[in-house]
Amino acid sequence: MAVDTAASTAVDLGPATALSCRECGTRFPLGPSFACLECFGPLEIAYDYAGYDAEELRKRIEAGPASIWRYAPLLPVPADVAGKPNLNPGWTPLVKADNLGRELGFTAQLHVKDDSGNPTHSFKDRVVACAIEAARAFEFTTLSCSSTGNLAGAVGAAAARAGFKSCVFIPHDLEQGKVVMAGVYGGELVGIDGNYDDVNRFCSELIGDPAGEGWGFVNVNLRPYYGEGSKTLAFEICEQLGWRLPDQIVIPIASGSQLTKIDKGLQELIKLGLVEDKPYKIFGAQAEGCSPVSAAFKAGRDVIKPVKPDTIAKSLAIGNPADGPYVLDIARRTGGAVEDVTDAEVVEAIKLLARTEGIFAETAGGVTVGVLKKLVENGLLDPSKETVAINTGDGLKTLDAVADAGMTAVIRPTLESFRAAGLATA
C-alpha cells in the first residue's frame, strides 16, 4: 500500500515520514495507529535520514541540550521540541560500576545506565516525552495509558506540565509508592480489578468507544511514537562511551519494547555512521514469576506462551508481552540470551547494587542486576567484555521489597552505649 504523502506531511514530526509494518513492510500515513491493516502486525516509525552527514550530525547532537532532545533529528518530534512545555528527560549518568564489577568477577569495564534520575524517576519519562509530541500533533486533549506503575506517573506528570488532561489505568494492587506518585499530579487515576493484561485489554476497548474520543493512549494508539523514546537509551550509552558500541547490554523485559528499540537505536547509529559497526550481544532479564520470554528462549520456541504474573517485580509483570517474539529474535541474532531470577534473587541484587555502587534500584533494576550476576555465573555473559546493565527506576517506589533493611542499632546518646553496641570498630 502506498503512503498518502499529503496525509503524512500534514503534521510536523521531524524526520518521521510514515508508519511501517514491522512484519510486511506496508506503509501508512503518520497518525494515531498501531496495527497494520494488511496483516495486523505492529507499526513503527519510518524516517527520512537522507542528507545527514555523520560528522555534522555528531557535532549537532553534542551541542544540543542535556536531555533526549539532543537527538531530536533522529526522533519523531518537531525541531523546536526543546522549547515546548515538557519534562526534558534523559542524559542520565552512565556509571562506571567498578565495585560491582569486581564482586561479579569482571575484568572489563562494567557500567550501569542509571535512569532513576529522570523527572519521575524511571525511564518511562523518555517514551512519554515522544508520545506527547504525537498527541499534540494529532490534537488529542487527554493523555491516557495502561500501566504497571511507572508509566502512570510519567503520563500524569507530563500531562500536567503540557496542559493536557490525563486519565490513567493501573492494576488495583500496585505498590503504594507508585500509586501515590501517579495520583499526585491531579489527573484521574483508575484502579482495575485485575492484572496488567486486563488493564491493557480494557484500554484497547475504550479506544474504540465514544467515551475515548480525543484520548491519546501513549502505549496503545500512540505506541509507535512512544516506543521511539527508548532508542535514546541506546543513543546516550554510545555517546557517553565516546561514540562506540558496548560489547554487551542487559535490559529488563516487560512488554519487550525497550529492548527492541534499544537494538533499533544501535542499528540506526551504525547506519548513520555515528558509531563503528561491530558485534554486540543483547541480553533480556525477567523475573521468574513472569518469565514467558525467558521460558520460550530456553525451550527454543518462537511462540510466547502467556502466563499469569506472580512476582514482586510488578513493573515487569506483563504476562503476554507484545514484543516478546522480537526479543527472541534479537537475543538469538546477537548471540545474547534471556534469563530470569527468583524474587529472592531480585531482593539480593537490589541490595548488592546499593551496597557496591550506592544506586538504589526498584525491583526491575534488581531483576537486571540479578540476571547479570546469573549470566556471568552460567557462562553466557563474558566478564572480559565491556558491559552495560540498565537500571530503569528508583527503589523508593518499591520499598516493600527491601523492608528488612533499616537501623542496625538503637543506642542511647552516650559513648558508652555506642561502644557497647560494638559500633566503635565499625
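Residues numbered from 1 in each chain as written. Predicted model: local features only at pLDDT ≥ 70, side-chain atom pairs only at ≥ 80, totals over all residues. Heavy atoms only, no water.

### Regarding the sheet that holds strand β3 (residues 43–47)
Within the open sheet, the 3 strands sit side by side as β2-β1-β3. Their pairing is antiparallel. A single partner strand is all that each edge strand has here, and the edge strands are β2 (27–28) and β3. Here strand β1 (residues 16–21) pairs with β2 via 2 bridges, running antiparallel. Counted as the bridge partner of Ser-20 is Arg-27 from β2. (Pairing = 2+ DSSP bridges. Helix = DSSP H or I, 4+ residues; strand = E, 2+ residues; numbered from the N terminus.)

### So, the UniProt feature "modified residue: N6-(pyridoxal phosphate)lysine" (unreviewed entry) in the protein chain
Per the UniProt annotation, the sites labelled "modified residue: N6-(pyridoxal phosphate)lysine" (unreviewed entry) are Lys-124. With respect to the helices and strands, the residue Lys-124 is situated in helix α4 (residues 124–137). The contacts of Lys-124, once residues within four sequence positions are left out, are Asn-150, Leu-151, Ala-154 and Tyr-226. (UniProt positions renumbered as here; feature names shortened; annotations may be inferred. Contact = heavy atoms within 4.5 Å.)

### Brief notes about the layout of surface pockets
Taken as a whole, the second largest pocket holds about 290 Å³ of empty space. Taken together, 13 residues make up the lining of the second largest pocket; nearest its centre are Arg-22, Glu-44, Thr-260, Asp-263 and Lys-264. If you list the elements that add at least two residues to the lining of the second largest pocket, you get α10 (257–271) and α12 (324–334). Counting residues per element, the lining of the second largest pocket draws most heavily on α10, at 7 residues. The class makeup of the residues in the lining of the second largest pocket is 2 nonpolar, 2 polar and 9 charged. (1 Å grid on protein atoms, 1.4 Å probe; cavity = no way out; pocket = protein on both sides within 12 Å on 5 of 7 lines; lining within 4 Å. Points joined across faces, edges and corners; volume = space filled by probe spheres on them. Nonpolar A, V, L, I, M, F, W, Y, C, P; charged D, E, K, R; others polar.)

### Some thoughts on the UniProt feature "domain: Tryptophan synthase beta chain-like PALP" (unreviewed entry) in the protein chain
Listed under "domain: Tryptophan synthase beta chain-like PALP" (unreviewed entry) in the UniProt record, and renumbered for this structure, are residues 89–393. Between the end C-alpha atoms of residues 89–393 the distance is 13 Å, and the span holds 44% helix and 16% strand.

### Details of the pairing of β1
Across a regular strand the side chains alternate sides, sitting on one face of the sheet and then on the other. Among the 6 residues that make up β1, 5 are buried, leaving the element largely enclosed by the rest of the structure. Bridge count for β1 against β3 is 5 bridges, and the pairing is antiparallel. Paired with Ser-20 across the strands is Glu-44, a residue of β3. Between the end of β1 and the start of β2, which pair antiparallel, lie 5 residues, with Gly-25 showing a positive phi angle near 80°. (Buried < 20%, exposed > 50% of the residue type's maximum accessible area, 1.4 Å probe, protein only.)

### Some remarks on the packing of aromatic side chains
Aromatic rings in a pair are described by how distant their centres are and how their planes are angled relative to each other. Applying the stated criterion across every chain, the model contains 6 aromatic pairs. On the numbers, 5.6 Å between centres and 25° between planes, the contact of Tyr-49 with Tyr-52 is stacked. When its relative accessible area of 28% is taken as the criterion, Tyr-52 is described as partly exposed. Taken together, a centroid distance of 5.2 Å and an interplanar angle of 65° make the contact between Phe-169 and Phe-202 edge-to-face. With Phe-169 in strand β7 (residues 165–171) and Phe-202 in helix α7 (residues 196–207), the pair connects residues that are 33 residues apart, well separated along the chain. Residue class for Phe-202 comes out partly exposed when judged on its relative accessible area of 32%. Taken together through their ring pairs, the aromatic side chains of Tyr-47, Tyr-49 and Tyr-52 make up a single cluster. Here Arg-22 stacks its cationic end above the ring of Tyr-326, 4.2 Å away from the centre of that ring. The residue whose ring lies beneath Arg-70 is Tyr-71, and the NZ or CZ to ring-centre distance is 6.0 Å. (Phe/Tyr/Trp six-rings, centres within 6.5 Å; stacked < 30°, edge-to-face > 60°. Lys NZ or Arg CZ within 6 Å of the ring centre and 35° of its normal.)

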